[in-house]
Amino acid sequence: QVQLVESGGGLVQAGGSLKLSCAASGRTFSAYAMGWFRQAPGKEREFVATITWSGSSTYYADSVKGRFTISRDNAKNTVYLQMNSLKPEDTAVYYCAADRAAVVTITPNYWGQGTQVTVSS
């Protein structure tokens, strides 16, 4: 069992930055690919970014490429999402996910509870 707890969400103006963290506990963190998803009101949950267990490879949704950076610290059992140049359309609940696959899939093994990010115009 893996427990995931996100933090770092909040209210920010357009053009600003936020850094989300996801702390994992339970089984070996480094065995899992990690990722971030988001869900805006009235919309389906969508993929944002994923990172392999070693951190050697990362992948991003086109909508965030060049603005968001995913990283991980296996010694701290934590994955991060640095979000820069935020736009109002980035407003959503952001979820952390852990997957036994090489990268996070749309059906990961574990989800966090989510953290709200609101970007004002």
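Not measured: the values here are computed from a predicted model.

## Comments concerning the state of the cysteines
Right, so step 1: Tallied over the entire structure, the rule returns one disulfide.
Right, so step 2: A sulfur-sulfur separation of 2.1 Å characterises the disulfide bridge that pairs Cys22 with Cys96. Between Cys22 and Cys96, the disulfide has an S-S torsion of -80° and is therefore left-handed. You can see Cys22 sitting in strand β3 (residues 18-26) and its partner Cys96 sitting in strand β9 (residues 92-99), a full 74 residues away along the chain.

## Overview of the environment of Ser71
Right, so step 1: Relative to the helices and strands, Ser71 is located in strand β7 (residues 68-73).
Right, so step 2: With 37 residues separating them in the primary sequence, Ser71 and Met34 have C-alpha atoms 9.2 Å apart.
Right, so step 3: Ignoring anything within four residues of it in the chain, the contact list for Ser71 reads Ile51, Val79 and Tyr80.

## Digging into the pairing of strand β8 (residues 78-83)
Right, so step 1: Of all six residues making up β8, five are buried, and the element is well covered by its neighbours.
Right, so step 2: Strand direction decides the pairing type here: β7 and β8, joined by six bridges, are antiparallel. Note on β8: the bridge partner recorded for Ser71 is Tyr80.
Right, so step 3: Count of turn residues in the β7/β8 antiparallel hairpin: four residues, of which Asn77 carries a positive phi of about 55°.

## Some thoughts on the pattern of salt bridges
Right, so step 1: Applying the stated criterion to the full structure yields four salt bridges.
Right, so step 2: Put simply, Glu46 and Arg38 hold a salt bridge, and the shortest N to O gap is 2.6 Å.
Right, so step 3: A salt bridge links Asp62 to Lys65, with the shortest nitrogen-to-oxygen separation between them at 3.1 Å.
Right, so step 4: What emerges from the salt-bridge pattern is a single network uniting Arg38, Glu46, Arg67 and Asp90.

Analysis parameters
Residues numbered from 1 in each chain as written. Predicted model: local features only at pLDDT ≥ 70, side-chain atom pairs only at ≥ 80, totals over all residues. Heavy atoms only, no water. Disulfide = S-S within 2.5 Å. Helix = DSSP H or I, 4+ residues; strand = E, 2+ residues; numbered from the N terminus. Contact = heavy atoms within 4.5 Å. Buried < 20%, exposed > 50% of the residue type's maximum accessible area, 1.4 Å probe, protein only. Pairing = 2+ DSSP bridges. Salt bridge = Lys/Arg side-chain N within 4 Å of Asp/Glu carboxyl O.

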